[in-house]
Amino acid sequence: DDRVQNLRDEVREMKEKLRRAEDAEKRALIALEVENAKSQEKEEHIKGLQKDANTNQEIFIKMKLAENKIQGQEDEIKELKKQFHEASSANTQALIALELEKARNRH
């Protein structure tokens, strides 16, 4: 009779240990799923940051190209103004010379 009771107690103890082990396993699985979710969230965040960085880099490059184009246009405008001024000066000098010649011819 004592032997049967000892076996029952031992079975009860084993069941309790099994229950604790199963609970620990469930907690470990839940913790693992939480860590996986956090890891995936971090990866997605990093991908988002990389995408933003690439977008910013593309915008920066486009901005620099636009600045270079504007600078080229400004340089071209300066050159055209210079040429216009030179041409205007030449025309003015030619007109003055023509007026002087006319005045000489009148006298």
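To be clear, the structure that these remarks concern was listed above.
Throughout, a residue's number is its position along its own chain's written sequence, starting from 1. Reporting in this predicted model follows two pLDDT cut-offs: at least 70 for local features of residues, and 80 or more for side-chain atom pairs to be given and counted; totals over whole chains, interfaces and linings ignore these cut-offs and use all residues. To get the side-chain values, all heavy atoms of the structure are used, and hydrogens and water are removed first.

On to the overall build of the protein, then. Helix and strand assignments come from DSSP, with helices taken as H or I runs of at least 4 residues and strands as E runs of at least 2, each series counted from the N terminus. When helices and strands are counted, the protein shows one helix and zero strands. For the radius of gyration, the atoms used are the C-alpha atoms, and the globule rule reads 2.2 Å times the number of residues raised to 0.38. In terms of C-alpha radius of gyration, the protein reaches 46 Å, well past the compact-globule figure of 13 Å for 107 residues. Counting only C-alpha atoms and orienting by the principal axes, one finds that the protein spans roughly 155 × 10 × 5 Å. Residue exposure (1.4 Å probe, protein chains only): buried if accessible area is under 20% of the type maximum, exposed if over 50%, otherwise partly exposed. Sorting the 107 residues of the protein into buried and exposed places 0% on the buried side. Residue-level accessible areas treat just the shown protein chains as cover; the underlying method is Shrake-Rupley with a 1.4 Å probe. In the structure as shown, the protein presents an accessible area of about 10,400 Å², 56% of it carried by carbon and sulfur atoms.

Side chains of F60, I61, M63 and L65 sit close together on the surface and give an oily, nonpolar patch of about 400 Å² of accessible area. Take L65: its relative accessible area is 55%, and that puts it in the exposed class. Note on patches: the residues involved have over 30% relative accessible area and no salt bridge, like charges join within 9 Å, and the nonpolar side chains Val, Leu, Ile, Met, Phe, Trp and Tyr join within 5 Å. The term salt bridge refers to a pairing of a side-chain nitrogen on Lys or Arg with a carboxyl oxygen on Asp or Glu at a separation within 4 Å.

A few words now on the pattern of salt bridges. Under the defined criterion, the tally for this structure stands at seven salt bridges. We note a salt bridge from E67 to K64, for which the minimum N-O separation is 3.3 Å. Here E67 pairs with K64, and both are found in helix α1 (residues 2-106), just three residues apart, close to one helical turn. Close ionic contact of K102 with E99 constitutes a salt bridge, the shortest N to O distance being 3.8 Å. Taken together, the residues K102 and E99, both in helix α1 and three residues apart, mark about one turn of the helix. The class of K102 is partly exposed, set by a relative accessible area of 40%. Residue E99 is classed as partly exposed on the basis of its relative accessible area of 45%.

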